Every structure is written in structure tokens, then in C-alpha cells.
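Descriptive structure summary
So you can see what is in the structure, the chains are spelled out below.
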Amino acid sequence: MATQRPQRSPEEIEDIILRKIFLVTLKESGETDSRIIYLQMIAAEILSEGKDLRLSRDLMERVLIDRLSGDFSSGEPLFQYLVGCYRRAHEEAKKIASMKDKTVRSEMESVVKQAKKLAVSYCRILLGNPDLFGNSNNAFGLDRKSNTSSPLLSLIFSEVGSGVFEFGGSSSSGGVQCPPGFLDEFFRDSDLETLDPILKGLYEDLRGSVLKISALGNFQQPLRALLYLVSFPVGAKSLVNHPWWIPKGAYLNGRVIEMTSILGPFFHVSALPDDPIFKSQPDVGQQCFSEASTRRPADLLSSFTTIKTVMNNLYDGLGEVLLSLLKNTDTRENVLEYLSEVINKNSSRAHLQVDPLSCASSGMFVNLSAVMLQLCEPFLDANLTKKDKIDPKYVFYSNRLDLKGLTALQASSEEVSEWIEKGSPFKPGSSGQSGENENRLLQSQEATSSSSNMSRPSPRNAKQTNKYTFICECFFMTARVLNLGLLKAFSDFKHLVQDISRREDTLATLKSMQGQAPSPQLELDISRLENAIELHTQEKLCYEAQILRVYPNYIRNPYLRAKMVEVLNCWMPRRSGSTATSTLFEGHQLSLEYLVRNLLKLYVDIEFTGSHTQFYDKFDIRHNIAELLEYLWQVPSHCNAWRQIAKEEEKGVYLNFLNFLINDSIYLLDESLNKILELKELEAEMSNTAEWERRPVQERQERTRLFHSQENIIRIDMKLANEDVSMLAFTSEQITAPFLLPEMVERVANMLNYFLLQLVGPQRKSLSLKDPEKYEFRPRHLLKQIVRIYVHLARGDSDNIFPSAISKDGRSYNEQLFSAAADVLRKIGEDMRIIQEFVELGAKAKAAASEAMDAEAALGDIPEEFLDPIQYTLMKDPVLLPSSRITVDRPVIQRHLLSDNTDPFNRSHLTVDMLIPNTELKARIDEFVRLQESKRYLNIQSTKTTSPQTTEGKMLID
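The paragraphs below set out a description of the structure included in this document. (Residues numbered from 1 in each chain as written. Predicted model: local features only at pLDDT ≥ 70, side-chain atom pairs only at ≥ 80, totals over all residues. Heavy atoms only, no water.)

1. Remarks on the pattern of salt bridges
The condition that has to hold: Each salt bridge in this description consists of a side-chain nitrogen of Lys or Arg and a carboxyl oxygen of Asp or Glu lying within 4 Å of one another. Note on conventions: DSSP H or I runs of at least 4 residues are helices, E runs of at least 2 residues are strands, and numbering of each starts at the N terminus. Note on classification: 1.4 Å probe, protein chains only; a residue is buried when its accessible area is under 20% of the maximum for its type, exposed when over 50%, partly exposed between these limits.
Under the counting rule described, the total for this entry stands at 50 salt bridges. Glu14 is paired through a salt bridge with Arg57; the nearest N and O atoms lie 3.6 Å apart. Of this pair, Glu14 sits in helix H1 (residues 10–22) while Arg57 sits in the loop between helix H2 (40–48) and helix H3 (60–69), placing them 43 residues apart in sequence. One salt bridge in this structure joins Glu648 and Arg597, with 3.4 Å as the shortest N-O distance. Of this pair, Glu648 sits in helix H29 (residues 636–648) while Arg597 is found in helix H27 (residues 589–605), placing the two residues 51 residues apart along the sequence. Glu648 gets classed as partly exposed once you look at its relative accessible area, which sits at 48%. Note on Arg597: relative accessible area 31%, which makes it partly exposed. Linked through salt bridges whose partners overlap, the residues forming this network are Glu45, Glu49, Lys51 and Arg62.

Okay, here's the thing in C-alpha cells:
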């Protein structure tokens, strides 16, 4: 009989846990784990003290010091060892949580917490004093000489993770994983004096990691690491106190700040060209735009999208860093000092000729322009509610920015100086209103500073130190940065384009001369000029990618464009009650030319706005658009324009519009029907009066609130769903081609089948409501609309592909639904011609289903490589995805790209133009189908030779 294992004492458990955490032993034994170190010296000391050879919390630090100080050849580098101790302590804590004895569990949790705290503490000591326990090789490993960055950096990189998009360079952290909670404890539970040397080294490492890195390099991981560090108060304080926060020196200029300050190299990351001395890698122009004249438009568009994506990531990251520092009252002033120093030291960027050795790059100032505009967003609202915080006298009295040297429009420098000295914007000695106006100025100042404790001098005492609200400072700094950055970049771009044009004219002249009198020198000149044009064209496209291709319309923000839709909605004749506005919609040339096209485009653009509420916002905005479109469809000139757009943009914006219209219809109707079922359950609960009254009051109140909430959701969603289905119905009557495209037809058929199943299928009775009109739920009208869409598409289906698409739907298609729907339509009085066409379509779908079954049976087992990896159906038009190198069926991937312009296998950018036909595979699939059909034909012929006897025998039996 097995004996029960004796229960361990708390001291024994503590010893076991600490030995596992610190990988040490006080007893010489045959340990199989080579990492476990026998601490002979301290063991002897403990025995001499008359104590048991057990690890305990009292001996913990003593043992750790002995482990760190000893020369153990089999041991790992000390920093890695300490991080490992923390990780093992974390793992032990998870095991301790399952202990049944609460007292022992509490004691062991305290032991593990102390071990973690000790490991973190000695990590700090080691990083601050690498030679304390021997040489730095022993502390950080032998590869320290080749990699001088802080070993803490790899842990931070693993904590912040990899980026959404990494074009070049590796974003991995070398396989090092940071133990959960380690960094938070490392940075949060210590003082500035201890951490400052460590943080300063980290900031220098991060600065160096992005130095001379272009937009295509790995800047995102260092940027996220920087943001992570400044999120700690001690990290923010250390950064702004770093000697390189604002470099000092006699030779300090704009370029020096850009290249040597901590933030400068981050702002330097760009796609814009720079002086060859400071050129970053990878070369954006070379990698994205080489030989642009021979490249496919889709390739160039892909490069533009790539640069737009990475630059937006940079803007957002740098904006978060500055915002984090500005929110901290201890660091806000340092940020403003840094920005003002960057601006003042680069004032000569506004000159016609800019010295690249003394001025920061255009890339830095374009980036700074974008970030400063982000900082301004909160106070630049449409109603300008914060305008009183912006003091126009800042340009004269601020001692932050040096603006006095800027060009005055009319006054001489002497007059400006006199004006500033007197502190009044009015001519000296003028009578009448001067006193009153000065009082107004004083009142304006008081109003401006009313929400701030900062003092500001009066115009009579303008020489003393001036302090302004952040809003005021940010406004004028942004204006100055835009002048030195974005506006200057536009100017440089214009000159670059003009230079390319001149060179192209010269090249044409030289080639003409070469044709008349060829010479080696002329050939050499032509070659040099072609190379120069190629380089300048790359630079031009880099400018386009970063500062032009990002703003696609006059107004980029779809929300602002949506506001205009609200205005137009109010002006609609049937809503405004006035016929005066009908001329605006039905006769104005701009309206006739652009309105429908731009409404359709906005319907698509509003899908992705970047807002966290974009999913819900789009339905309200599309509701306004739909109302306008429904009205415009009834205006013949607009209806004609709509049909023309659908024809021209059949596979462009119109197909995208149709895709999102169908997506919304499916979501809204499905959501509404599901909510109706939930509402009926609540109705049933509340109708059972006896059971309902027995429930607690609070529960009844909550269920009642939920009931009314569901009512509102159903009412809103059904209204929007009816609107979308109505638009599908009236547009499909005259525009059918886009619905029947290979990438769209099956999706349309699936949608219609699903709605038909819900409205006339077995579960239709479960959707009955006491007062359906109250919820905008009109099942009869909805069924008529759905059936009319079926019929409209069948009428335009000259290739007879729609019935096959209907029958392929394995989820909702049932041949009996068509006859059931026809019966309902007869009862509710639908047009008999519509019913007849609908029944005929159902018969065609049934026949198509039978043919498809025969064809599938004839094909037999299809080789795996012939099947689409997404739908698992036989591919008819296989195409290769350029990034993931996976082959899919063209209609399937085109359907995916309507909603998402990424490769579904690796999320890289993908457009229809980038698909590569897999002609070799298509030929093999076609051959396979041909052979299988031949076998089927031979089988049929073989069957026919024996069928007469069989038939005759059957007739005799009958």
C-alpha cells in the first residue's frame, strides 16, 4: 500500500521556490541543470552560523550578491540572469496562486514579490555600474563590444512589439522576451537619480538607431520605445534634462539640432530628398520610383500608398511623444523651448537659397508641420471657441520666437521699433479714441489670460518677461513652422518640376542635334542629362508621395464633406418646402456635372475615416447621402449622369459603392431581424404578469430599459435597411451590369437568398410583431422590393449567369422558397408579370443547380492545387498575389478587394492591377476539365448502347 508523501513545511517550500528562482543551491549534489550554481562559500558561512542550509527571504539578497560576484564559467551574463530571475519569479507566482493553504500562499506571494523587487533593483545597479561585479563582458555578455547599445533596449523592443508596417530592416528583438511587469516595475518604482544615467543611455541608443534612416527603414520600433519611455514621469524628466535635448555650442545651427538632438533624427525620417551628405537609407527614390516612366501605374500607386502609410505612422507617433511631454507640467516648458530653438535656428529656411549645412532638412520641417497641426486640432474647432486665447500681440512681445526680423508689409523697421517701444498699435500722439482703444487692448489681454495663472505685461510694460497660454504659443509656432516647412517644401517642389521641364526641353534639343550630326561628346551629354532627369524625377515623385498624394480632394476629411451633405439635404426642395432651391439641384451646371459622382465617392470614402466611431458614424452619413441620391434619381438629367458613371466606373468607384451598399443592407437587416427576436423574448417575459411581478424591482427596471433600447435600435436600423434595399431596387431596374460582374454576382445572389429565407422561410412567423409599423418593419413591402431586385437582374442577365449564382448559395438557397414567395406575392397583390418572371427565374435556378451537381460529379476528385484556398472551389481564372505568392481565383480575390485593399494572407497592400495571371496553372485546369468532360461523354455514349434493352424491358414490366 502506497504511503502518503509528508507535507512540506513553509520553510521547505520557501527554499524550493527561491532555489528555482535564483538557480542556486547550498548543497553539493549532482544537479543535471548546468545553470544551477553551487554557492560553496556562502554555504560554509551559513553552517558556521549554525543555521540550516536553506534559502529564505532573510538570505535572499546575500545569496544574490554572492551569485553575482562569483566567477562561474557556466553562468550566463549577469543582466540576462537577473531578468531570468524575474521571469522565473513570475512563473512561480502563478503556481503559488493555486495553493489551498491561504496562510502559506500569502507568505510565498510575499517571498516572490520580494525576489522580483530584488532582481529589478540589481538590474538597475548593474546597468548603472557595469563593472561592479567584474568586467562588462561578465555583466552583459561577450558580444557587448560589437553591440554597444543598452541590453535593456531589446526588452523594451519586445514590450512595444512590432509595427503595423515595416518596409525595411528587422523589427524583431532578437528573440528576447520581456517578463510581464518587469519594465513597469523597473521604471515606475525608482527615482530620477538612479534611473537618469540608464535612461540617458537609452535615449542616445534610440537616437542612434534612427540616425540616417529613411521612411523605408525601421524607425517605428525605436519610436514606440521612445513613446513608452516618456510615458513614465521619470522617463519624461530624464529626456528633457538630457544634454542632447537641446544641444549647446558655438557652432549650433538648424542642421546640428536635427542631427544631434534626441528628437532630431526622428523628425529627420522622411521620403523627401536631402543633401547627399545627410542622405538616409534605404533610398526612397531608388527603391520606389526608379525608371518611373516604364513602371505600371499600379506599381507607382502602391509606392505612394506605402509612403503615405509609414509617414502617417511617424506623424502619429511623434505627435503622441510631444503630447505626452506637454501634458506633464514638469516637461511642458522644455518642449516649448525645444520647438522655439528649432524654429529660430532654422529661420533662414525661408530664404530663396537655403544652405543645407546650416539648416535642417525639408523632411524634418514637413514632419514638424504635420505634428504641429495635430497639436492644434483641439482648439481649431469649427466655431473657433478658443479664438480669444490667441493674442495677436504675441508676434511683438513674445521672447520665445524671434519674429522681429520678419518682413513688415508697410511699416519701416524704425516705425516697427517705435511701435513696440510704445506698446501701442496706434500712431503716437493721435487723439480721440487712443485711450479707449488702449483700454480695449488691456481688456483683450485680461480675457486672453483669464483661464491661465500666467501673468502677462501690459502694453506700457512690454519689456518684461512675457508668458502666454499654450494655445497662443502653439498657434504661432505652428504658423511659423508651416512657413518654414510645408510652404517651403511646396516652393522647392515647384522649382524641381520647372527644372525637370527645362532639362527635358534641352534633352529633346540634344537628341535632335544627335540625329543630324552625331558625336561622342553629344552622346555623353545626352547620357548625363538622362541620368539627371531620372534622379530629379525620383525626387519629384518622393515629394508627391509625402506632401501631395496624402490630400486627394479639395477637402480630405470625409466628415467635413459629410457636413456639406447635411446642408444640401436641408436645401432639397421636398424638405425645404421651397421650389427656389430646385434650380440649384436641377439646373446648375456644377450640380449636374459633379453632384452624383461625388456623392457616390463620399459614400465609399466614409467607410474608413480613422475615427474610433467610424463604424456607427457611416450609417448616419450614408442615410443623408441616400436621401439625396433617391431625390436625384428622379431628376432625368441626374439619372442619366448616374447611368453614365455606372458605365464608366463599372469596375471602379461604382462597384465599390455597390459593394458597401450591399454590405450595409446585409448588416442592417440582419441586425434588425435578430433584435426583433430578442425583443419578442422580452415581450414574452413582460406579458407573464405573475412571473414578472415576482422579479426584483431593479431587475424589472433594467429589463424595461433594455426593451426600450432594443425598440430604438430596431426602428433606426430598419429605417436605414429599408432605404438601402429601396436604392438597390430602383437602381437595378436601369443599371444591372455591375451587379452581374463575376466578383459581385454571387454576393448579390447570397444577399437576396438570405433575405428571401428570412421573409418567407419556416421561421418567418417568429418575426411577427404586435405593431410592426412602429418599428418601420414592413415585411410585405420588403418582400416586394427583394423580388423586384431578383427580376430586374434577371432581365439584364443576357449571359444567363444569375440563376447559377443563385443556386450556388449553399447557405440560404432552397428551390421551395421561390414558390412560397410567389404564393405570398399573390396574396398581397403584386404585379402578376413580376410574379411570373420571378417563378421563371426560380425554375432556371433549379435547373442550374441540377446541372452544377452533374458537372461536379463528372469532375470527380479535384486536385488540391486547382482549388481556390479561400472558397475551396475549382479556380477558373487563377491569379498570383505578388506579395504572398499565393494563387487564388480572380473573382474571389476581387470580391475581397472591394472591401479591403490588402493581401488576405499577409495584409500587404494589394490592388486589382497588381494581380498576376497564372497562365500555366489555368492551362492545366482547363486540360483537367476537358479530360473529365471527355470521360463523361464516353460514359454517356457507353450507356446509350445498352439503354434500348433496358427501356424495352421496363415497358414490358409496366
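From this point, the narrative continues.
2. Looking at a nonpolar patch on the surface
Heads up, the condition is: Residues enter patches when their relative accessible area tops 30% and they take part in no salt bridge; the joining distance is 9 Å for like charges and 5 Å for the nonpolar side chains Val, Leu, Ile, Met, Phe, Trp and Tyr. Computed by Shrake-Rupley with a 1.4 Å probe, the accessible areas treat only the displayed protein chains as cover when residues are assessed.
A surface patch of nonpolar side chains, amounting to about 330 Å² of accessible area, comprises Met564, Val567, Trp571 and Leu584. Inspection of the secondary structure puts Met564 in helix H24 (residues 558–571).

3. Section: the nonpolar core
Nonpolar side chains in soluble globular proteins generally cluster together in the buried interior. We count it as follows: By nonpolar core is meant a set of buried Ala, Val, Leu, Ile, Met, Phe, Trp, Tyr and Cys residues that side-chain atoms within 4.5 Å join together. Two residues qualify as a contact provided that any one of their heavy atoms is within 4.5 Å of a heavy atom in the partner residue.
Ranked by internal contacts, the top residues of the largest apolar core, which has 145 residues, are Phe22, Leu152, Ile156, Phe182, Phe186 and Phe187. Apart from residues no more than four positions distant in its own chain, Phe187 is found in contact with Leu152, Ile156, Leu195, Leu199, Leu202, Tyr228, Leu229, Phe232 and Val234. Judged by nonpolar contacts, the second largest core, of 95 residues, contains Ile676, Leu679, Leu769 and Ile835.

4. Side note on the packing of helix H5 (residues 102–128) against helix H9 (residues 192–210)
Counted only if it meets this: Note on geometry: axes are lines fitted to C-alpha atoms, helical ones only across the stretch in contact, with angles between N-to-C directions running from 0 to 180 degrees. Should an angle lie under 35 degrees it is considered roughly parallel, over 145 roughly antiparallel, and from 65 to 115 roughly perpendicular; all remaining angles are considered oblique. The handedness criterion is simple: a crossing whose near helix is rotated anticlockwise from the far helix by less than a right angle is left-handed, and one whose near helix is rotated clockwise is right-handed. Three residue categories are used. Nonpolar comprises Ala, Val, Leu, Ile, Met, Phe, Trp, Tyr, Cys and Pro, charged comprises Asp, Glu, Lys and Arg, and polar comprises the others, including Gly.
Two elements in contact, H5 and H9, have axes whose closest approach is 9 Å; the angle formed by their N-to-C orientations is 55°. Considering the angle they form, H5 stands oblique to H9. Between H5 and H9 lies a crossing of left-handed hand. Where H5 abuts H9, its residues Arg124, Leu127 and Gly128 lie against Thr194, Leu195 and Ile198. When its residues are assigned to classes, the contact of H5 with H9 shows 3 nonpolar, 2 polar and 1 charged.

5. As for empty space enclosed by the protein
Stated precisely, the cut-off is as follows: Buriedness for pockets is judged along seven lines, at least five of which must meet protein on both sides within 12 Å for an open set on the 1 Å grid over protein atoms alone, while cavities are sets there where a 1.4 Å probe fits but cannot get out, and lining residues have an atom within 4 Å of a point. Grid points are joined across faces, edges and corners, and a volume is the space filled by probe spheres set on the points.
Overall, the coordinates contain 3 cavities of 30 Å³ or more when judged by the stated rule. Reported here for the largest cavity is a volume of approximately 230 Å³. Forming the walls of the largest cavity are 19 residues, and the residues nearest its centre are Ala271, Leu272, Pro273, Asp274 and Lys279. Elements that contribute at least two residues to the lining of the largest cavity include exactly helix H14 (284–289) and helix H23 (520–548). Looking at the lining of the largest cavity, the element that brings in the most residues is H23, giving 4 residues. Each residue belonging to the lining of the largest cavity can be placed in one class, and the counts come to 7 nonpolar, 8 polar and 4 charged. In this structure, the second largest cavity spans a volume of roughly 50 Å³. In terms of lining residues, the second largest cavity is bounded by Tyr603, Phe619, Arg622, His623, Asp664, Leu668, Leu720, Glu723 and Asp724.

6. Quick notes on the sheet that holds strand S4 (residues 887–889)
Under the convention used in this document: Pairing between two strands requires that DSSP report at least two bridges joining them.
Strand order in the open sheet formed by 3 strands is S4-S3-S5, with antiparallel pairing between adjacent strands. Looking at the sheet topology across the chains shown, the edges are occupied by S4 and strand S5 (916–917). Sheet strands touched by helix H38 (residues 890–897): strand S3 (878–880), S4 and S5. Its angle to S4, the strand with the most contacts, is close to 85°.

7. Let's talk about the packing of aromatic side chains
Let me state the cut-off plainly: In summary, the pairing rule links any two rings of Phe, Tyr or Trp, Trp by its six-membered ring, whose centres are within 6.5 Å, and it sorts them by plane angle into stacked for under 30 degrees, edge-to-face for over 60 and tilted for everything else. Consider the ring centre and the ring normal. A charge sits over the ring if Lys NZ or Arg CZ is within 6 Å of that centre and within 35 degrees of that normal.
Enumeration over the complete set of coordinates arrives at 26 aromatic pairs. Three or more aromatic residues link up through ring pairs in this structure, and these residues are Tyr86, Phe182, Phe186, Phe187, Tyr228 and Phe232. Its end group placed over the ring of Tyr603, Arg622 keeps NZ or CZ at 4.6 Å from the ring centre.

8. Some words on unusual backbone geometry
The step from Gln281 to Pro282 runs through a cis peptide bond, and the omega angle for that step is -5°. Along the chain, the position of Pro282 falls in the loop between helix H13 (264–268) and H14. At Tyr872, a position not held by glycine, the phi torsion is positive, near 60°. Checked against the element boundaries, Tyr872 lands in the loop between helix H37 (832–859) and S3.

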